[in-house]
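One-letter residues, chain by chain:
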Amino acid sequence: MDGVLFVLWVVRILFLFLLYLFLYRVVRTLLRDLRAASREPTTTLGRLVVVASPGAEPATGHVFALDAITTLGRDVNNSIVVEDPFASAEHAVLTYRGSAWYVEDLGSTNGSYVNGHPVDGVATIGFGDELQVGQVRFRLERPRS
Amino acid sequence: MPRSIRSVRPRWRGGEAGLLVIVALALLVGSVSLSGGLTGRLAVYDGETLLVYLVALVSAHLAFVLSGRRTDQILLPVMGLLGGISLLLMQRLPQDLVTQRWFGTDVGLAQVQLVWLVLGIAITAILGIVVRSDSWLRRYKYTWAAAGVGLLLLTFVFGSEVNGQRLNLQLGPFSGQPSEFLKVILVVFLAGYLSENRSLLMEQDTRFGPLRLPPVPYLAPMVVMWAIALGIVVVQRDLGAALLFFGVFLAMVYVATGRTSLVVIGLVLFVIGSLLMANLFDTVRERIDVWLDPFADPLGTGYQVVQGLHAFARGGLLGVGLGAGLPLIGGQIPIPEVHTDFPLAALGEELGLVGVLAILGLYLVLVERGLRIGAAAADDFRALLAVGLSLVVGIQAFIIAAGNLKVLPLTGVTLPFISYGGSSIVANSVVVGLLLALSDKGVEPPAPPSPRGRWQRLRHRGEC
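This one's a predicted model, so the numbers in the text were calculated from it and none came from an experiment.

1. Considering the nonpolar core
Then step 1. Of all hydrophobic cores here, the largest spans 126 residues; its most connected members are Val78(B), Val187(B), Val248(B) and Leu435(B).
Then step 2. Beyond its immediate stretch of four places on either side in the chain, Val78(B) contacts Val26(A), Leu362(B), Val365(B) and Leu366(B).
Then step 3. Ranked by size, the runner-up nonpolar core spans 19 residues in total, among them Ile80(A), Ala123(A), Val136(A) and Leu140(A).

This is the structure:
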């Protein structure tokens, strides 16, 4: 067999081999990534991030992991205590039903707001939406995965 | 000002660097293989072009390192490898397929493509570094939609016809394919619209036989979308774009609501629309006839598809080698429009089934990355945007690959990052740039105090 042709054939196969080496490395990284993600517990249904809070409790930037039913208000028995003069003792409740989050205003004096719109009874709230209770603004976020 | 400067800390990206080394090696070997196939000499074929391309990739990597953002490390190498394969293919094809005069010198196919690829890498790097907030995309979603519809109308009115398809828009010295940019705008708008109305779409109000539908007003966009897709087919004769837009739309609706009933309705609408189009328009019926039996008229309407199939057949398992494919037949390339519509057939001939599968694998990786970024996103808009952007590239690659292989009727969409064409490369680079921006894992928590001693701590205190 001609020497040059043989070398050329080797080069051709080497190119294909390098394509697959690249794919192999990428897929290995992807798998490691997926395994790491599946090891982390994802028991929470969502997270509530404090965007703005004039008082000390809750602190701005704090992240609450949410249960299926989470109550908000000034009373110490709430899941999330909102220490704000404009918040009622039992202000609002967040519930997870089916596959979506709902927020219910519990007859608070100053009302609850989703993206600036007052909540009338029960309203849906999506990930990325802002919830305001008293002067405290929260943002609903997906659980980390 | 000082604060933002100080918070920028270079961040080593080992994974990306390692993958880029493999990309550079593969492209070098590919270039040698190309030279062997074309000239019989074992040397790097047109090393300057390759060098410019690799320098652009490394510069993008260094820019990411310096910016210190925690973005995805796989997207850039994958895009780089696809673009590099495109460059090898364009170097191999006859250079006079495309000639342009820039600054008094004539430039051929490979040079023009190189310019677009480098521009694409620059766009990806800039978007991946600069875009930190998505609120400007989210807030102006109806503005985007209006811009998209305006673009579409411009093409309807001023578009020039090429091969019976009204795809090109000529604006002064620039010409481009608006549908490539339209797909990005469509995804942004849909992500905004669906994330806002997701909960409403999920409520089950209307009952229609065995199907449970959302409230009627929220179904309206679905019908509008269907009408737009049909309009594109009717006015532009652009089957590919219509298929792509409708496919992405259905996928995003499904991801947002998780309801199969909506997808079923969409598919039924699609079948009705296709039957209607096939009966009304000759071009559409011709495409379908060619798809069903290209050998009925192998030298006329079926010529392109038949030549494509022959190219795949000649390639076999391992291919004939880069640059060793069929030479010109009577001064003509064997497959018409090989550089835009049939690059996969050319690669199938020269790299074989093994090579084609690797290329399809690269697109799969791109889609998987996008879906992962979507799953890790903090809110619905980002999640839908990431999913939509990656699916738009994936579905487009599928449509044209399937068209080349006679799995679907042939349509005129481009193979992302590989086909020749500025609009396609720039639009797909925008997609990857936005995906990179969305993949940022957030601001790094402040570094813990170094255990290496007081000296650094004291210096740090002095700075504050």
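Once you've had a look at it, read on.
2. Describing the confidence of the model for chain B
All names here are of chain B.
Then step 1. Model confidence for chain B is summarised by a mean pLDDT of 82, while 83% of its residues fall at 70 or above.
Then step 2. In this model, residues 443–464 is a region of pLDDT below 50 whose contacts with residues beyond four sequence positions or in other chains number three contacts.
Then step 3. As a predicted assembly, this complex carries a pTM of 0.85 together with an ipTM value of 0.85.

3. Structural notes on the interface of chain A and chain B
Then step 1. Across the boundary between the two partners, chain A contributes 27 residues, which contact 37 residues of chain B.
Then step 2. Looking at the side of chain A that touches chain B residue by residue, the classes come out as 16 nonpolar, six polar and five charged.

4. Considering the environment of Leu140(A)
Residue and element names in this part refer to chain A.
Then step 1. Assignment of secondary structure puts leucine 140 in strand 11 (residues 136–141).
Then step 2. Under the C-beta neighbour-count criterion, leucine 140 is labelled buried, with 23 such atoms within 10 Å.
Then step 3. Taking C-alpha positions, leucine 140 is 20 Å from glycine 55, a pair spaced 85 residues apart along the chain.
Then step 4. Beyond its immediate chain neighbours, meaning those up to four positions away, leucine 140 contacts Gly46, Leu48, Trp101, Ile125, Phe127, Asp129 and Leu131.

5. Some points on unusual backbone geometry
Most of the time, phi is negative for any residue but glycine, and the peptide bond is trans.
Residue and element names in this part refer to chain B.
Then step 1. Positioned with a positive phi, glutamate 337 is a non-glycine residue whose angle comes to about 55°.
Then step 2. As for its position among the elements, glutamate 337 is in the loop between helix 13 (303–315) and helix 14 (343–376).
Then step 3. Of note, the phi angle at lysine 406 is positive, near 60°, even though the residue is not glycine.
Then step 4. When the 19 C-beta atoms within 10 Å are taken as the criterion, lysine 406 is described as partly exposed.

6. Observations concerning the packing of helix 10 (residues 239–257) of chain B against helix 15 (residues 380–404) of chain B
All names here are of chain B.
Then step 1. Closest axis-to-axis distance for the helix 10/helix 15 pair is 9 Å, and the angle between their directions is 145°. For the crossing formed where helix 10 meets helix 15, the hand is right-handed. Between helix 10, through Gly240, Leu243, Leu244, Gly247, Val248, Ala251, Met252, Val255 and Ala256, and helix 15, the contact on the second element is made entirely by Leu384, Val387, Gly388, Leu391, Val392, Ile395, Gln396 and Ile399.
Then step 2. Taken together, the residues of the contact of helix 10 with helix 15 break down into 13 nonpolar, four polar and no charged.

Cut-offs and rules
Residues numbered from 1 in each chain as written. Chains lettered and ligands numbered in written order. Predicted model: local features only at pLDDT ≥ 70, side-chain atom pairs only at ≥ 80, totals over all residues. Core = buried A, V, L, I, M, F, W, Y, C linked by C-beta atoms within 7 Å. Buried ≥ 20, exposed ≤ 12 C-beta atoms within 10 Å, placed from the backbone. Contact = placed C-beta atoms within 7 Å. pLDDT = per-residue confidence, 0-100. Nonpolar A, V, L, I, M, F, W, Y, C, P; charged D, E, K, R; others polar. Helix = DSSP H or I, 4+ residues; strand = E, 2+ residues; numbered from the N terminus. Axes fitted to C-alpha atoms, helices over the stretch in contact; angles between N-to-C directions. Left-handed = near helix turned anticlockwise from the far one by under 90°.

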